[in-house]
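What follows is each chain in one-letter form.
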Amino acid sequence: MGLASIQNVGVIGAGQMGCGIAHVAAIAGYKVHIYDLSQDRIEAGLATINGNLARQVTNSKLSDEDRKAALSRISGSADLNDLAPMDLVIEAATEDESVKRKIYAQICPILKPEALLATNTSSLSITRLASATDRPERFMGIHFMNPVPVMKLVELVRGIATEETTFATAKEFVSTLDKTITVAEDFPAFIVNRILLPMINEAIYTLYEGVGSVEAIDTAMKLGANHPMGPLQLADFIGLDTCLSIMQVLHDGLADSKYRPCPLLVKYVEAGWLGRKSGRGFYDYRGETPIPTR
């Protein structure tokens, strides 16, 4: 099974990640089909991809012909059966294990026996997710970073049952997307989030304990550690609910108190202040410029 076998790529989930994955795969020349529960979500997703491709043309990252060609390779529907001819399906549904398991139960009988199934999970066990499928040897983690069209890294994660050919095919596929691959072992949150999320959680503790204000903490890390954005600003960008769920995965999976989610993070999530997507997090995004909420 070489790279020739991957021509049609299915993406499950028309959210931020799913659309980003479809975007880069279509530019690389793959035919892409996006599945989501409703036609409305598909339409919104396709509109997002359209806008992002147009922005790349404006920024001279892409020619207009390439933009048109990429768009012509993307389709979408709310019918799971449309994923039947796919060679590779990447699941980019919400970071909730029960949701993912339900999807696998529905999709596995539809897929070709030789099709590869991958998950874009940022923290859940690949081995455990694979066990919920009919093809653990053809299942692995292909974890893209957000925003997918901009971020250069993809983490490849094998489960205990993942076959070498599956890994090699995934590796070749990702390298055709103009991304850099890092291989991570199947432990909670892999590499990037295992290091990044405890840092963000620590920044929230620093705020919670009154060591510094939102502004002081973000400025300190931007100018003192040369980070492109401060940790609290980054938390708002990721989504505080996602930050909390990754900290919970680390805490449950590694049972070490250093991964305890900060109570302030829990409080913000309980308030529905999830960051940019909900209009408020560590900053309030409802006005012209973001204002710290603490």
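Everything numeric in this text was worked out from a predicted model, so none of it was measured.

1. Regarding the packing of helix α7 (residues 192–208) against helix α11 (residues 263–270)
Part 1 of the reasoning: Where α7 meets α11, the closest approach of the two axes is 8 Å, and the angle between their N-to-C directions is 95°. Between α7 and α11, the angle is such that the two are roughly perpendicular. Facing α7, whose interface residues are Asn-201, Ile-204, Tyr-205, Leu-207 and Tyr-208, α11 presents Pro-263, Leu-264 and Leu-265.
Part 2 of the reasoning: Taken together, the residues of the contact of α7 with α11 sort by class into seven nonpolar, one polar and no charged.

2. A closer look at the UniProt feature "site: Important for catalytic activity" (unreviewed entry) in the chain
Part 1 of the reasoning: In this structure's numbering, the residues bearing the UniProt feature "site: Important for catalytic activity" (unreviewed entry) are His-143.
Part 2 of the reasoning: Using a relative accessible area of 5% as the deciding quantity, one classes His-143 as buried.

3. Some words on the UniProt feature "domain: 3-hydroxyacyl-CoA dehydrogenase C-terminal" (unreviewed entry) in the chain
Part 1 of the reasoning: Mapped onto the present numbering, the UniProt feature "domain: 3-hydroxyacyl-CoA dehydrogenase C-terminal" (unreviewed entry) falls at residues 190–285.
Part 2 of the reasoning: The distance from the first to the last C-alpha atom of residues 190–285 is 31 Å, and the span holds 61% helix and 2% strand.

4. Observations regarding the side chain of Lys-179
Part 1 of the reasoning: Structurally, Lys-179 is set in the loop between α6 (164–175) and β8 (180–184).
Part 2 of the reasoning: Asp-178 provides the closest opposite charge to the buried, salt-bridge-free Lys-179, at an N-O distance of 6.9 Å.
Part 3 of the reasoning: A distance of 2.6 Å separates a polar side-chain atom of Lys-179 from the backbone oxygen of Val-148.
Part 4 of the reasoning: Not counting residues up to four positions away in its chain, the partners in contact with Lys-179 are Val-24, Val-148, Pro-149, Met-151, Lys-152, Val-154 and Val-174.

5. A closer look at the nonpolar core
Part 1 of the reasoning: Counting residues in hydrophobic clusters, the biggest one holds 36 residues, and the most contacted among them are Tyr-30, Val-32, Ile-34, Ile-90, Ile-142, Phe-144 and Phe-173.
Part 2 of the reasoning: Looking at which element gives the most residues to this core, the answer is helix α1 (residues 16–27), with seven residues.
Part 3 of the reasoning: Beyond its immediate chain neighbours, meaning those up to four positions away, Ile-34 contacts Val-11, Gly-13, Ala-14, Ala-22, Ile-42, Leu-46, Ile-49, Ile-74, Ser-75, Gly-76 and Ser-77.
Part 4 of the reasoning: Counting 25 residues, the second-largest nonpolar core is a separate cluster that includes Ala-189, Cys-243, Leu-250 and Leu-264.

6. Focus: the sheet that holds strand β4 (residues 88–91)
Part 1 of the reasoning: Sheet architecture is open: eight strands sit in the order β3-β2-β1-β4-β5-β6-β7-β8, paired in mixed fashion. The two strands at the open ends of the sheet, each matched to only one other strand, are β3 (74–77) and β8. Averaged over neighbouring strand pairs, the angle between their axes works out to 25° when direction is ignored.
Part 2 of the reasoning: Both strand β7 (residues 153–158) and β8 contribute to a ladder of five bridges, which runs parallel.

7. Remarks on α6
Part 1 of the reasoning: Taking 1.5 Å of rise per residue, twelve residues should cover 16 Å, and α6 covers 16 Å from first to last C-alpha, within 8% of that figure.
Part 2 of the reasoning: Listing the buried residues of α6 in full gives Thr-166, Phe-167, Thr-169, Ala-170, Phe-173 and Val-174. The buried residues of α6 all sit within an arc of 165° when viewed along its axis, so they share a single face.
Part 3 of the reasoning: Of the surrounding elements, those touching the buried residues of α6 are β1 (8–12), β4, β5 (116–119), β6 (139–144), β7 and β8.

8. What about the layout of surface pockets?
Part 1 of the reasoning: Taken as a whole, the largest pocket encloses approximately 1,600 Å³ of empty space.
Part 2 of the reasoning: In terms of lining residues, the largest pocket is bounded by 49 residues, among which Gln-16, Met-17, Asn-146, Ile-238 and Thr-242 are the most central.
Part 3 of the reasoning: For the lining of the largest pocket, the secondary-structure elements that each account for two or more residues are α1, α4 (97–107), β6, α7, α9 (231–238) and α10 (240–254).
Part 4 of the reasoning: Its residues assigned to classes, the lining of the largest pocket comprises 24 nonpolar, 16 polar and nine charged.
Part 5 of the reasoning: Mapping the lining of the largest pocket onto the domain boundaries places at least three of its residues in each of domain 1 (8–185) and domain 2 (194–292).
Part 6 of the reasoning: Its boundaries defined by the atoms lining it, the second largest pocket holds a volume of some 650 Å³.

9. Some remarks on the domain arrangement of the chain
Part 1 of the reasoning: Segmentation of the chain into domains returns domain 1 (8–185) and domain 2 (194–292).
Part 2 of the reasoning: At the junction of the two partners, domain 1 supplies six residues and domain 2 supplies four residues.
Part 3 of the reasoning: Carbon and sulfur atoms make up 66% of the area that domain 1 and domain 2 hide from each other, which totals about 400 Å².
Part 4 of the reasoning: Of all residues in domain 1, Glu-95, Ser-123 and Asn-146 give up the largest surface area on contact with domain 2, accounting jointly for 62% of the area buried on that side.
Part 5 of the reasoning: Counting every contact that joins domain 1 to domain 2 gives zero salt bridges.
Part 6 of the reasoning: Residue composition of the side of domain 1 that touches domain 2, grouped by class: two nonpolar, three polar and one charged.

10. Quick look at unusual backbone geometry
Part 1 of the reasoning: Note that the residue after Asn-146, namely Pro-147, is joined by a cis bond; omega there is -5°.
Part 2 of the reasoning: When you line up the elements, Pro-147 lands in the loop between β6 and β7.
Part 3 of the reasoning: With a phi close to 60°, Asn-226 is a non-glycine residue in the positive phi region.
Part 4 of the reasoning: Take Asn-226: it is sitting in the loop between α8 (214–224) and α9.

Criteria and thresholds
Residues numbered from 1 in each chain as written. Predicted model: local features only at pLDDT ≥ 70, side-chain atom pairs only at ≥ 80, totals over all residues. Heavy atoms only, no water. Axes fitted to C-alpha atoms, helices over the stretch in contact; angles between N-to-C directions. Helix = DSSP H or I, 4+ residues; strand = E, 2+ residues; numbered from the N terminus. Parallel < 35°, antiparallel > 145°, perpendicular 65-115°, else oblique. Contact = heavy atoms within 4.5 Å. Nonpolar A, V, L, I, M, F, W, Y, C, P; charged D, E, K, R; others polar. UniProt positions renumbered as here; feature names shortened; annotations may be inferred. Buried < 20%, exposed > 50% of the residue type's maximum accessible area, 1.4 Å probe, protein only. Lys, Arg positive; Asp, Glu negative; His and termini not counted. Salt bridge = Lys/Arg side-chain N within 4 Å of Asp/Glu carboxyl O. Polar contact = N/O pair within 3.5 Å; in protein donor to acceptor, adjacent residues only side chain to side chain. Core = buried A, V, L, I, M, F, W, Y, C linked by side-chain atoms within 4.5 Å. Pairing = 2+ DSSP bridges. Expected span 1.5 Å × (residues − 1). Arc of directions from axis to C-beta. 1 Å grid on protein atoms, 1.4 Å probe; cavity = no way out; pocket = protein on both sides within 12 Å on 5 of 7 lines; lining within 4 Å. Points joined across faces, edges and corners; volume = space filled by probe spheres on them. Domains from an automatic or database assignment. Buried area = accessible area lost by both parts, 1.4 Å probe.

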